[in-house]
Amino acid sequence: VADYVKVPECPQPRADDNIPLWPPERVKFETKKWEKIWSRADKPPVHLIDQYLGWIPTGGFELSENCLKVSGKQLRKRLLEMRGKSGGLDGWTPDILAALPTEWFSLVATIWNAMVNNGGGIPESWCLTKVALIEKPDGDGMRPLSISTVQWRICASSVMRNLTTWTAAWVHPD
């Protein structure tokens, strides 16, 4: 009888808060707040962007096509680094996918590399993202956290690692 699950106490609203407590209303409230941030009307002046990017040589920097390609071995390594993390809307978590055979990772790499070679064709399920609102550490509202499918995350993470070497060749270390 003494052992039971203790549910954390729901935070009580402050007297000056106009924040809704009912979850669907809270989502609407937070959406309005974040839309103001994400959809800013005051865009930076284009001449400042041109000034900032003026150091890039005409024609840019050569990018090896291999930087955008991945291997099954890379994908498996990225996945194992993600164990214990959340899955996307498809419900597949890194822990579940880690049990799949090595060939599965090679097939995912084949799909990704075909997208790179053909310039598109991303599987629709990879484009879906789960958004959760989490409390800010200072208690001042909430912030959105977007979680994509694991397949997308391991591919994008592998490409980012590949681009690190390419970037280091032209970005000043400072």
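Worth saying up front: this structure is predicted, and the values here are computed from it rather than measured. (Residues numbered from 1 in each chain as written. Predicted model: local features only at pLDDT ≥ 70, side-chain atom pairs only at ≥ 80, totals over all residues. Heavy atoms only, no water.)

## Considerations on the overall build of the chain
Our working rule: Numbering goes from the N terminus for both helices and strands, where a helix is a DSSP run of H or I of at least four residues and a strand is a run of E of at least two. With a 1.4 Å probe rolled over the protein chains alone, any residue whose accessible area is under 20% of its type maximum counts as buried; one over 50% counts as exposed, and the rest are partly exposed. Residues are treated as being in contact if the distance between any of their heavy atoms lies within 4.5 Å. Methods summary: accessible areas were calculated by the Shrake-Rupley approach with a probe of 1.4 Å, and residue burial reflects only the protein chains presented.
Secondary structure summary: the chain contains six helices and two strands in total. N-terminal to C-terminal, the α/β element order of the chain is α-α-α-α-α-β-β-α. For the chain, the proportion of its 174 residues judged to be buried stands at 21%. Taking the contacts inside the chain whose residues are at least 6 apart along the sequence as the reference set, 63% of them involve residues at least 24 apart. Accessible area of the chain: about 13000 Å², with a carbon and sulfur share of 59%.

## Things to note about helix α3 (residues 72–81)
Applied cut-off: What the arc covers is the set of directions going from the helix axis to the C-beta atoms.
Looking at α3, one finds that the buried residues are G72, L75, R78 and L79. Viewed end-on, α3 has its buried residues packed into an arc of 125°, placing them on one side of the element. Across from the buried face of α3, at angles greater than 90 degrees, the exposed residues are K73 and K77. Those residues of α3 hidden inside the fold are in contact with α4 (94–97), α5 (102–118) and α6 (150–168).

## Digging into the nonpolar core
Counted only if it meets this: Here the nonpolar core consists of buried residues drawn from Ala, Val, Leu, Ile, Met, Phe, Trp, Tyr and Cys, with membership extended through side-chain atoms lying within 4.5 Å.
Core analysis: the biggest nonpolar cluster contains 18 residues, and L75, L79 and W112 have the highest contact counts within it. Setting aside chain neighbours within four positions, we find L79 in contact with P94, L97, A98, F105, V150 and I154.

## Describing the packing of α5 against α6
As a reminder, the rule being used: Every axis corresponds to a line fitted to the C-alpha atoms, with the helix fit spanning only the stretch in contact, and the corresponding angles, defined between N-to-C directions, vary from 0 to 180 degrees. Oblique is the label for any angle not under 35 degrees, not over 145, and not in the 65 to 115 range, which are roughly parallel, roughly antiparallel and roughly perpendicular in turn. In this count, Pro and Cys sit with the nonpolar residues alongside Ala, Val, Leu, Ile, Met, Phe, Trp and Tyr, while Asp, Glu, Lys and Arg are called charged and the others, Gly among them, polar.
Here α5 crosses α6 at 70°, and the two axes come no closer than 11 Å. Between α5 and α6, the angle is such that the two are roughly perpendicular. Between α5, through W104, V108 and W112, and α6, the contact on the second element is made entirely by Q151, W152, C155, A156 and V159. Grouping the constituent residues of the contact of α5 with α6 by class yields seven nonpolar, one polar and no charged.

## A look at the packing of α3 against α6
Geometry of a packed helix pair, given as the angle between the helix axes and the separation of the axes. Condition: Handedness of a crossing is defined here by the sense of rotation of the near helix relative to the far one, left-handed for an anticlockwise turn of less than a right angle and right-handed for a clockwise turn.
The interhelical angle for the contact between α3 and α6, taken along N-to-C directions, is 110°, at an axis separation of 9 Å. Judged on the interaxial angle alone, α6 and α3 are roughly perpendicular. As α3 packs across α6, the resulting crossing turns out to be right-handed. When α3 is examined against α6, the residues Q74, L75, R78, L79 and E81 are found in contact with a partner set consisting of V150, I154, C155, S157, S158, R161 and N162.

## Observations concerning the confidence of the model for the chain
Rules: Confidence of the predictor in every single residue is expressed as pLDDT, which spans 0 to 100.
Per-residue confidence for the chain gives a mean pLDDT of 82; residues scoring 70 or more make up 89%. Within the chain, α3 carries the highest mean pLDDT (96), whereas helix α2 (residues 46–53) carries the lowest (75).

## Remarks on the packing of aromatic side chains
Each aromatic ring pair is characterised by the separation of its centres together with the angle its planes make. Short version of the rule: Planes of paired rings set the category: under 30 degrees apart is stacked, over 60 is edge-to-face and the rest tilted, where pairs are Phe, Tyr or Trp rings (Trp by its six-membered ring) whose centres lie within 6.5 Å.
Tallying each qualifying case throughout the model produces two aromatic pairs. Ring centres 5.0 Å apart and planes at 90° place the aromatic pair W104 and F105 in the edge-to-face group.

## As for the pattern of salt bridges
Inclusion rule: Salt-bridge detection follows one rule: a side-chain nitrogen of Lys or Arg within 4 Å of a carboxyl oxygen of Asp or Glu.
Inspection of every chain in the model, using the stated rule, returns six salt bridges. In this structure, K33 and E30 form a salt bridge, with 3.1 Å as the shortest nitrogen-oxygen distance. Of the two residues, K33 and E30 both sit in helix α1 (residues 23–38), three residues apart, roughly one turn of that helix. Note that R78 and E81 form a salt bridge whose closest N and O atoms lie 3.2 Å from each other. Taken together, the residues R78 and E81, both in helix α3 and three residues apart, mark about one turn of the helix.

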